[in-house]
Amino acid sequence: MSAAAGAVLPSPAPTKYSSAGGQHATLTADRAAALLAGCASARRASELHAAAVRAGVDRDKAVDFRLQRAYATSGRLDLAVALLRRSPDPTAVFYTSTIHAHSSRGLHLAALALLSDMLSQGLLPTTHTLSASLPACNGRGGLAVGRALHGYAVKLALSGDSYVATALLGMYARSGDAAAARALFDEMQPDPHVVSVTAMLTCYAKMGALDDARSLFDGLPKKDFICWNAMIDGYTQHGRPNEALRLFRQMLRSGVEPDEVSVVLALSAVAQLGMTESGKWLHSFVKNSPRVGLNARVGTALIDMYYKCGSLEDAVAVFDGLKDKDIVVWNAMINGYAMHGQSRKAIEMFNQLRAQGLWPTDITFIGVLNACSHSGLVDEGRMFFKSMEQEYSIEPKIEHYGCMVDLLGRAGLIEEAFDLVQSMRIKPDAVMWVSLLAACRLHKNMALGQRIADYLVANGLANSGMYILLSNIYAAVGNWQEVGRVRLMMKASGIQKEPGCSAIEIGRQVTEFVAGDTSHPRTDEIYAKVEEVKGLVKEHGHVPQTELVLHDLDEATKEKALAVHSEKLAVAFGLISTPPGAAIKIVKNLRACADCHAVLKLVSKIAGRKIVFRDRNRFHHFVDGACSCGDYW
């Protein structure tokens, strides 16, 4: 029930009702109802309520109903419920109005509690009651309640009503029951309501059934921006950003004007791809769009896009240009500094937001803890982690523990990291175990690495990343027999290693490479440049780190394998495809290879190029032979 259900109705205020000519007149029930019909102000509703009480017409059914609706419309749900409770003979219409007021404001449990009260009094739901109640069937147990209401609708022969059918479809769609939603949708043919089409499309898109969603989308004779957004969101959320961007451009060509949601989704797709030029084009679109303004939400998406595309300077410029910065905007900027290794700046931002009176959220602490992890700021990380509960009453989530495990593990404090995992109040996730294993490998703590790996395998918790790290741990100490055993286990489990892939954007065209790739039309030029770079870096003292090749091969073969890593192919392509002095930006799906990291540092010095490299965890800015990470990553 609503927390305001026990509200006390206001006492009559000393307000007099005057006729149009200024003469005091007796307020009739019809006149009171007419005045309340267009009332949207709580103050005005209270004044009219007082006048109705003085005139003795407040118990009239029409006046009572209009008062209740006026209070609900103006946000005084407590008074609307109080009126309902006071009514000696409430009708289904009374209940429906109050249910709708709660449901439309997201007060779902209160809405369903009112529905329960209504049914317990023997009142039958109408089409409007069901349409108002079904949107409240969300969250845990929502689907069960929704199915019960569906049964009511069928029993009362109301399920064929277009509004009820649409509400039912939306309920099933939100609950992820695509089969039930589709069955209802098919019954609506050949002319389903646009809301039903959008609900069905959103259901498919959120579940990842993108081919079904696209088939439905393409078959629509007329698409509004909500349909476009649902389809773009599906592609963005399920790792198909290229299709999302193509659809956004198609939306523009179709003549449908994108709204704020469309732009935010497109920026998210650009951020996934790391395509700076496409991001700048979208930024320009925002500046010139009459419909989309540069508010906090769009500004946050722009900051997120720019820093993920390697343009931290542009992210800072957007941040500085925003007038009204909420905590979400600050969080985005803190995460941007953290991802680019500017950890002290991220911590400074935290202090600034506190000085301005903003209260940090759990996302804020993920940002500052990541910043500490990327630079080995162990003492600062411990301080922030402790302050979450002690100063800000924020209970650490799995992500915060993960940041701390990563911070301690990278710093070589593996036993402390392991102790933290064992003391957690929540179950550790796969990311945390992978982080621990990676730390064991980095600091050559093979004993603890094997203990953890054995525990994971024995309890069926090992995934592909863990198996690969375990294999690497054995390979690093030359235990090829165990390497073979782990790889056989991976094969038996159907687990495959994710191939490393590096992408580079040249003139808004993204080109991807895998290790040893020979599919590019300019392969001969690329490999010629690879050999040239190989010779130049050797002249500057580089010794290939063949110990990183975790296969039982001779040194010459290992050196050849290192030379054709996807990062090196991408940088070679960048060198032959861009003018001298131009910056090169590369994105890789896995962690940076240590040998490639060393080579890219030297290339930045030899070629006089800034190289911005984004791996799975962070950015590396290579300038004049040095990296922004300080060789700590």
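About the cut-offs
Residues numbered from 1 in each chain as written. Predicted model: local features only at pLDDT ≥ 70, side-chain atom pairs only at ≥ 80, totals over all residues. Heavy atoms only, no water. Helix = DSSP H or I, 4+ residues; strand = E, 2+ residues; numbered from the N terminus. UniProt positions renumbered as here; feature names shortened; annotations may be inferred. Salt bridge = Lys/Arg side-chain N within 4 Å of Asp/Glu carboxyl O. Buried < 20%, exposed > 50% of the residue type's maximum accessible area, 1.4 Å probe, protein only. Core = buried A, V, L, I, M, F, W, Y, C linked by side-chain atoms within 4.5 Å. Contact = heavy atoms within 4.5 Å.

- The protein chain is annotated in an unreviewed UniProt entry as DYW domain-containing protein from Panicum virgatum.

1. Some points on unusual backbone geometry
Moving on, step 1. Within the chain, K444 stands out as a residue other than glycine whose phi angle is a positive 55°.
Moving on, step 2. With respect to the helices, strands and loops of the structure, K444 is situated in the loop between α25 (430-442) and α26 (446-458).
Moving on, step 3. The phi angle at D624 is positive, at roughly 50°, despite the residue not being glycine.
Moving on, step 4. For D624, the position within the fold is in the loop between β5 (619-623) and β6 (626-627).

2. A short note on the UniProt feature "repeat: PPR" (unreviewed entry) in the protein chain
Moving on, step 1. As annotated in UniProt, the feature "repeat: PPR" (unreviewed entry) corresponds to residues 91-125, 224-258 and 326-360 in the numbering used here.
Moving on, step 2. This span, residues 224-258, is 74% helix and 0% strand, and a straight line between its end C-alpha atoms measures 10 Å.
Moving on, step 3. When the span residues 326-360 is considered, its composition is 74% helix and 0% strand, and the gap between its end C-alpha atoms is 10 Å.

3. A closer look at the pattern of salt bridges
Moving on, step 1. Under the criterion given, the structure shown has 24 salt bridges.
Moving on, step 2. As a salt-bridge pair, E47 and R44 come within 3.6 Å of each other at their nearest N and O atoms. In this pair, E47 and R44 both sit in helix α2 (residues 42-55), 3 residues apart, roughly one turn of the helix.
Moving on, step 3. Under the relative-accessibility criterion, E47 is labelled partly exposed at 23%.
Moving on, step 4. Relative accessible area serves as the criterion here: at 38%, R44 is assigned to the partly exposed category.
Moving on, step 5. Between D595 and K568 there is a salt bridge, with its nearest N and O atoms 2.9 Å apart. With D595 in helix α32 (residues 594-606) and K568 in helix α31 (residues 566-577), this pair connects stretches of sequence that are 27 residues apart. Considered together, D595 and K568 belong to a single accessibility category, that of buried residues.

4. Regarding the nonpolar core
Moving on, step 1. Counting residues in each nonpolar core, the largest one holds 148 residues, and the members touching the most others are I303, M333, L436 and I452.
Moving on, step 2. Within the second largest apolar cluster, 25 residues are counted, among which are I611, F622, C629 and W633.

5. A look at the environment of D186
Moving on, step 1. Secondary-structure assignment places D186 in helix α10 (residues 178-187).
Moving on, step 2. Its relative accessible area of 39% is what places D186 among the partly exposed residues.
Moving on, step 3. For D186 and D615, which are 429 residues apart along the polypeptide, the C-alpha to C-alpha distance reads 45 Å.

6. Things to note about the environment of S343
Moving on, step 1. Positionally, S343 belongs in helix α20 (residues 343-355).
Moving on, step 2. Residues S343 and C39, 304 residues apart in the sequence, show an inter-C-alpha distance of 54 Å.
Moving on, step 3. Sequence-distant contacts of S343, that is, excluding residues within four places in its chain, are made with Y337, A371, H374, S375 and L377.

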